[in-house]
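Chain by chain, the residues run as shown.
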Amino acid sequence: GVDGLPVIGYFDDTNNDLKVAHCSDLACTSATVTTVDSVGSVGYDTSMAVGADGLPLISYCDNTNDQLKVAHCSNFKCSTATTNVVDSGGEFQSTSITIGIDGLPVISYRDFTNRDLKVAHCGDLECGTATTHAVDSGGDVGSYTSIAVGADGLPVISYYDSTYDDLKVAHCGDLQCSTATTNVVDSGGNVGWSTSITVGTDGLPVISYYDSTNNDLKVAHCSDVACSAATTNVVDSGFLVGNHSSITVGADGLPVISYFASNQDDLMVAHCSDLECGVATTYTVDSGGGVGLDTSIAVGADGLPVISYYDLTAKELKVAHCSNVFCIPYARRR
């Protein structure tokens, strides 16, 4: 948030609520927790961004009313918020929110009813109004969406094509994404689960995702802003690793990825050694049993990675604060 402290939007499965945790310090040793929406079963598939007004925005699904919603926090702690319906009349999944170069929120999501990838472009900071477009409707598409703003100022979205088991990228033709080009980025098996996209220091999109055929964590580095072609690399192949991935760019300018290793029930982090992530170091961050689901990674005000994730064993929301850019204990440069 604008106060330099982590803020997390998440789903409370016990009460079927959307909640926000605002950390009291960089390591999130404690936090203030607020229920943001509790009308029906709300808060599935959350995604958070900080708006142009400095206030958090959360996209999420209302499964009771079959709606895509956005909550706009009234302060940086999100102690109160206004909620708005962005899309309705169908079942929605897999939301991802970012802020466009016009300062307005833009959301990618899956229209489960029609099996389409859709984008909503908000008409104001609170997303009280929005235009929605089907970006890809060729088969069963749009799972595991992740959105970022490319170096050309246009939204770019990674997602999974369930019909062909491919990783795809949609590059919007305008800020509203009323038109888009779509490209297959990886088709080598059943690939493209748990996608997460960011833009590297070279201005090109980079995507982490799960290869379900080989049970690997992979990274695709796009060759242009539209990702018409990409270099793909296996980052971790330790069997059943790479689901629930999240990617960002570290303070050293290199990609860093949080993910779940289901073979050991651990939270792990991969730190790339180059922009394409051809080589990476991997480390187990939490091995308390059943930890590391639904990971989300960001870089804190101190320049160090901070990761929110779910502890399945303890049924808890947890945060890991890395001690260095590699997220490896005792690391130092020589």
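Parameters and conventions
- Residues numbered from 1 in each chain as written.
- Predicted model: local features only at pLDDT ≥ 70, side-chain atom pairs only at ≥ 80, totals over all residues.
- Heavy atoms only, no water.
- Helix = DSSP H or I, 4+ residues; strand = E, 2+ residues; numbered from the N terminus.
- Contact = heavy atoms within 4.5 Å.
- Lys, Arg positive; Asp, Glu negative; His and termini not counted.
- Charge placed at Lys NZ, Arg CZ, Asp CG, Glu CD.
- Phe/Tyr/Trp six-rings, centres within 6.5 Å; stacked < 30°, edge-to-face > 60°.
- Buried < 20%, exposed > 50% of the residue type's maximum accessible area, 1.4 Å probe, protein only.
- Core = buried A, V, L, I, M, F, W, Y, C linked by side-chain atoms within 4.5 Å.
- Pairing = 2+ DSSP bridges.
- Axes fitted to C-alpha atoms, helices over the stretch in contact; angles between N-to-C directions.
- Salt bridge = Lys/Arg side-chain N within 4 Å of Asp/Glu carboxyl O.

Participant: Where do I start with the overall build of the chain in this structure?
Facilitator: Helix and strand counts for the chain stand at zero helices and 26 strands. Counting only C-alpha atoms, the chain reaches 55 × 45 × 35 Å along its principal axes. Restricting to contacts in the chain with at least 6 residues of sequence separation, those with at least 24 account for 38%. In the chain, 13 side chains carry a positive charge and 40 a negative one; their mean positions are 6 Å apart.

Participant: Is there a simple way to think about the packing of aromatic side chains in this case?
Facilitator: Given two aromatic rings, their pairing is described by the distance between the two centres and the angle made by the two planes. Taken as a whole and assessed by the stated rule, the structure comprises six aromatic pairs. Geometrically, the ring pair formed by Tyr144 and Trp193 is stacked, given 6.2 Å between the ring centres and 20 degrees between the ring planes. In this pair, Tyr144 is assigned in strand β12 (residues 141-149) and Trp193 in strand β16 (residues 191-199), connecting sequence segments 49 residues apart. The class for Trp193 is partly exposed, based on a relative accessible area of 24%. Clustering of aromatic rings is evident, with ring pairs tying together Tyr144, Tyr160, Trp193 and Tyr210.

Participant: Whenever I open this one, the nonpolar core confuses me. Can you help?
Facilitator: Nonpolar side chains in soluble globular proteins generally cluster together in the buried interior. Judged by nonpolar contacts, the single largest core of 14 residues is most densely connected at Leu68, Val70, Val86, Ile107, Tyr109 and Cys127. Of all the secondary structure elements, the ones that give two or more residues to this core are β5 (56-62), β6 (67-73), β8 (92-99), β9 (105-111) and β10 (116-122). Among the elements that take part in this core, β8 stands out by supplying three residues, more than any other. Sequence-distant contacts of Leu68, defined by excluding residues within four places in its chain, comprise Tyr60, Asn84, Val85, Val86, Asp87, Phe92, Thr95, Ile107 and Tyr109.

Participant: Is there a simple way to explain unusual backbone geometry in this structure?
Facilitator: Most peptide bonds are trans, and most residues other than glycine sit at a negative phi. Look at Cys127: it is not a glycine, yet its phi comes out positive at around 60 degrees. Here Cys127 is to be found in the loop between β10 and β11 (130-136). The buried category is assigned to Cys127, whose relative accessible area is 0%.

Participant: When you look at the pairing of β5 in this model, what are you seeing that I'm missing?
Facilitator: Residues in a regular strand project their side chains so that they alternate between the two faces of the sheet. In terms of residue burial, β5 counts as a mostly covered element, since seven of its seven residues are buried. With burial as the criterion, each face of β5 is covered, one bearing Pro56, Ile58, Tyr60 and Asp62 and the other bearing Leu57, Ser59 and Cys61. Of the strand pairs in this sheet, strand β4 (residues 42-50) and β5 are connected by six bridges, and their pairing is antiparallel. Counted as the bridge partner of Ala49 is Leu57 from β5.

Participant: I would appreciate a short explanation of the sheet that holds β9 in the present structure.
Facilitator: Sheets are built from strands that pair by backbone hydrogen bonding, the pairs being arranged parallel or antiparallel. Spatially, four strands are ordered β8-β9-β10-β11 in an open sheet, and the strand pairing comes out antiparallel. Each end of this open sheet is capped by a strand with a single partner; those strands are β8 and β11. Neighbour-to-neighbour, the strand axes of this sheet turn through a mean angle of 20 degrees, independent of strand direction. Strand direction decides the pairing type here: β9 and β10, joined by six bridges, are antiparallel. Of the residues in β10, the one forming a bridge with Asp111 is Asp116.

Participant: Hey, could you run me through the pattern of salt bridges in this one?
Facilitator: Once their charged atoms are close, side chains differing in charge can pair, the charge on each being opposite to the other. Throughout the structure, instances matching the rule amount to 11 salt bridges. Within this structure, Asp37, Asp62 and Lys69 form a network of salt bridges that share partners.

Bear in mind that shape data such as this cannot, by itself, settle questions of function.
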